[in-house]
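# What the coordinates show
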Amino acid sequence: MHSQRRSDTPMAAYQVNPDRSTKPVGIKKICCIGAGYVGGPTSAVIASKNPDIQVTVVDYNRERIEAWQTDDLPIYEPGLLEVVKFARDGNLTKRTPNLFFSTDVDRCIAEAELILLSVNTPTKSLGRGAGHASELSYLESAVRKIGEVAESNKIIVEKSTVPCRAADTLRDVLVATAKPGLHFEILSNPEFLAEGTAIRNLLNPDRILIGSLKTPRGLEAAQALAAVYGAWVDPDRIITINLYSSELAKLAANALLAQRISSVNALSAMCESVGADIDEVSYAIGLDKRIGSRMLKASVGFGGSCFRKDILSLAYIAESLHLFEVADYWRSIVDINEYQKDRFTRRIVRCLYNSLSGKTLAVFGFAYKKDTGDTRETAAITVIDNVLTEGANVRIYDPLVKETQIRHELKNTTARLDCAEKQLTVCESAYEACTGADAVIILTEWDEFSNQGEPVRRDSGHGRKTEERAGRKVDWARVAALMRRPMFVFDGRNIVDAGALEGLGFRVECIGKA
């Protein structure tokens, strides 16, 4: 008896042009709404791999659009500038430019056959669900604009992270606002990018997930999007599933990744109490093939725009479905993350004789992780807020994040910033930050802060001379000569060789090590 595939099971989507001997058919113009961390890199890679498709990124922020048209891009991502220039600027002998950036939103929407929605979906700050549910006003506004200006049928793709069944909301808005007779097919195509490796993730993805309705038009739209990705992605990695499963899969992926980080951070607290080493524990459990070694690095806590927001959204969805125990489970991941940041701060205070008043702390790193300038939800905000509250003078150095961005983040989230302005300095070098300091606090795992001797990867392509900065290594002997005694290093990322620093006279405190 032959087995039959269920109609709703995942399957390889790219069934046309399997040998890629001809160009993808159907889509000739793509419009991406939103010129941020997702829309910009995604559009650049799509354009670079599909020279016959015109890709236009639109945004109402004129300053941001103008930055995308220069070599000083508004975001930093290793390898991004090379990809952008290849598609945006073209080649005089081989290639015509097919990547554009514009503030003419109406025209670009009207001309496009396929529209990527890459707008911000932050956590709500007002009303029902504030602090938990996703704020969809930007997404709704973008879809209203599509309905108002569209003159032809469109495929609309959710790239933004959205709650389950958001596609139904978008469809309702389009039915109410669009011209009679037009048809809009909505797809879910979540991004699974990690900042710092986004270009690598786009060029060689683990999977491309496309969610659609299982209607003839829905499947046809999924095939059209699959053909775009099929220009460079192996057909077996392009998967179609149910539209709502795709929406939930993105939230679930981020929740499970964050869960691993909170799990290892919870273990790090136990390690400090029993005399174990969290790096050794992580290595031992990571050898189990069922677990694996990735995302088991203990730290001061996770950050970034996605994990906290998506977990809270998932918990809110569970709560709205009266699954209260499920909601509590997911929220506990965020609770452990906040606990880890608070625990790290308490350790700093305890080691510095239970008082930070009048003491100077050099903070190494403000970005939420290395190889990115993104500071959203960075653990540095909480730690800096805590030590400022204790009366410390704080000097911050980050090789990529600008002073204006640092102060903007702290102003938005730090209650005492106005009265603590005189306590806060943003420095141009690690040595400036360390002069006369009592302690160094490492909050971002930039390679230049490590003393373990591994070669520093050089990534070109940013207007702030990132390559030159990335090539530097902090001279810890020089740091020691600049600091007050006793000297402390609080390593919130476990990137230093503690023994080597102790040989220079430092007292070193690491995560998950007694």
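Model, not experiment: these values are computed from the prediction.

Rules and cut-offs
- Residues numbered from 1 in each chain as written.
- Predicted model: local features only at pLDDT ≥ 70, side-chain atom pairs only at ≥ 80, totals over all residues.
- Heavy atoms only, no water.
- Buried < 20%, exposed > 50% of the residue type's maximum accessible area, 1.4 Å probe, protein only.
- Helix = DSSP H or I, 4+ residues; strand = E, 2+ residues; numbered from the N terminus.
- Pairing = 2+ DSSP bridges.
- Axes fitted to C-alpha atoms, helices over the stretch in contact; angles between N-to-C directions.
- Contact = heavy atoms within 4.5 Å.
- UniProt positions renumbered as here; feature names shortened; annotations may be inferred.
- Core = buried A, V, L, I, M, F, W, Y, C linked by side-chain atoms within 4.5 Å.
- Left-handed = near helix turned anticlockwise from the far one by under 90°.
- Nonpolar A, V, L, I, M, F, W, Y, C, P; charged D, E, K, R; others polar.
- Phe/Tyr/Trp six-rings, centres within 6.5 Å; stacked < 30°, edge-to-face > 60°.
- Lys NZ or Arg CZ within 6 Å of the ring centre and 35° of its normal.

## Describing the pairing of strand β13 (residues 439-442)
Side chains of β13 alternate between two faces, with Ala 439 and Ile 441 and Val 440 and Ile 442 buried alike. Pairing geometry for β13 and strand β14 (residues 487-491), over four bridges, is parallel. Paired with Ile 441 across the bridge in β14 is Phe 490.

## As for the sheet that holds strand β15 (residues 506-510)
Strands sit in the order β12-β11-β10-β13-β14-β15 across an open sheet of six strands; the sheet is parallel. Either end of the sheet is taken by a strand with one partner, and the two such strands are β12 (424-426) and β15. With direction set aside, neighbouring strand axes in the sheet form an average angle of 20 degrees. Taken together, the four bridges between strand β10 (residues 360-364) and β13 define a ladder with parallel strand orientation. By the bridge assignment, Val 363 is partnered in β13 with Ile 441. On top of the sheet, helix α12 (residues 324-351) reaches β13, β14 and β15; it is set at about 170 degrees to β14, its chief contact.

## Quick word on the UniProt feature "active site" (unreviewed entry) in the chain
In the numbering adopted here, UniProt assigns the feature "active site" (unreviewed entry) to Cys 306. Relative to the assigned elements, Cys 306 resides in the loop between α10 (278-286) and α11 (307-320). Judged by its relative accessible area of 23%, Cys 306 is partly exposed.

## Let's talk about unusual backbone geometry
Arg 485 connects to Pro 486 through a cis peptide bond whose omega is -10 degrees. Along the polypeptide, Pro 486 turns up in the loop between α18 (476-482) and β14. You will see that Met 295, though not glycine, has its phi angle at about 60 degrees, which is positive. Although it is not a glycine, Asn 354 adopts a positive phi angle of roughly 65 degrees. Checked against the element boundaries, Asn 354 lands in the loop between α12 and β10. Take Asn 354: its relative accessible area is 59%, and that puts it in the exposed class.

## With respect to the nonpolar core
Residues Phe 364, Val 440, Trp 476 and Phe 506 are the most contacted members of the largest nonpolar core, which totals 65 residues. Take this core: its biggest share by element is seven residues, from helix α13 (residues 379-389). Ignoring anything within four residues of it in the chain, the contact list for Val 440 reads Ala 362, Phe 364, Cys 434, Trp 476, Val 479, Met 483, Phe 488, Val 489 and Phe 490.

## Describing the packing of helix α9 (residues 243-274) against α11
Where α9 meets α11, the closest approach of the two axes is 9 Å, and the angle between their N-to-C directions is 115 degrees. Our pair here, α9 against α11, has a crossing hand that is left-handed. Residues Leu 248, Lys 250, Leu 251, Asn 254, Ala 255, Leu 257, Ala 258 and Ile 261 of α9 touch α11, and the partners they reach there are Phe 307, Asp 310, Ile 311, Ser 313, Leu 314 and Ile 317. Considering only residue class, the contact of α9 with α11 consists of 10 nonpolar, two polar and two charged.

## A few points about the packing of aromatic side chains
Geometrically, a pair of aromatic rings is defined through the distance of the ring centres and the angle of the planes. A full pass over the atoms with the stated rule returns 10 aromatic pairs. Ring centres 6.3 Å apart and planes at 80 degrees place the aromatic pair Tyr 353 and Phe 488 in the edge-to-face group. Residue Tyr 353 is located in the loop between α12 and β10, and its partner Phe 488 is located in strand β14; the two are separated by 135 residues in the primary sequence. Site record: aromatic cluster; members linked through ring pairs are Phe 364, Tyr 397, Phe 449, Trp 476 and Phe 506. Against the face of Phe 192 rests Arg 207, its NZ or CZ located 3.6 Å from the ring centre. The ring of Tyr 431 is capped by Arg 478, whose NZ or CZ atom sits 3.8 Å from the centre of that ring.

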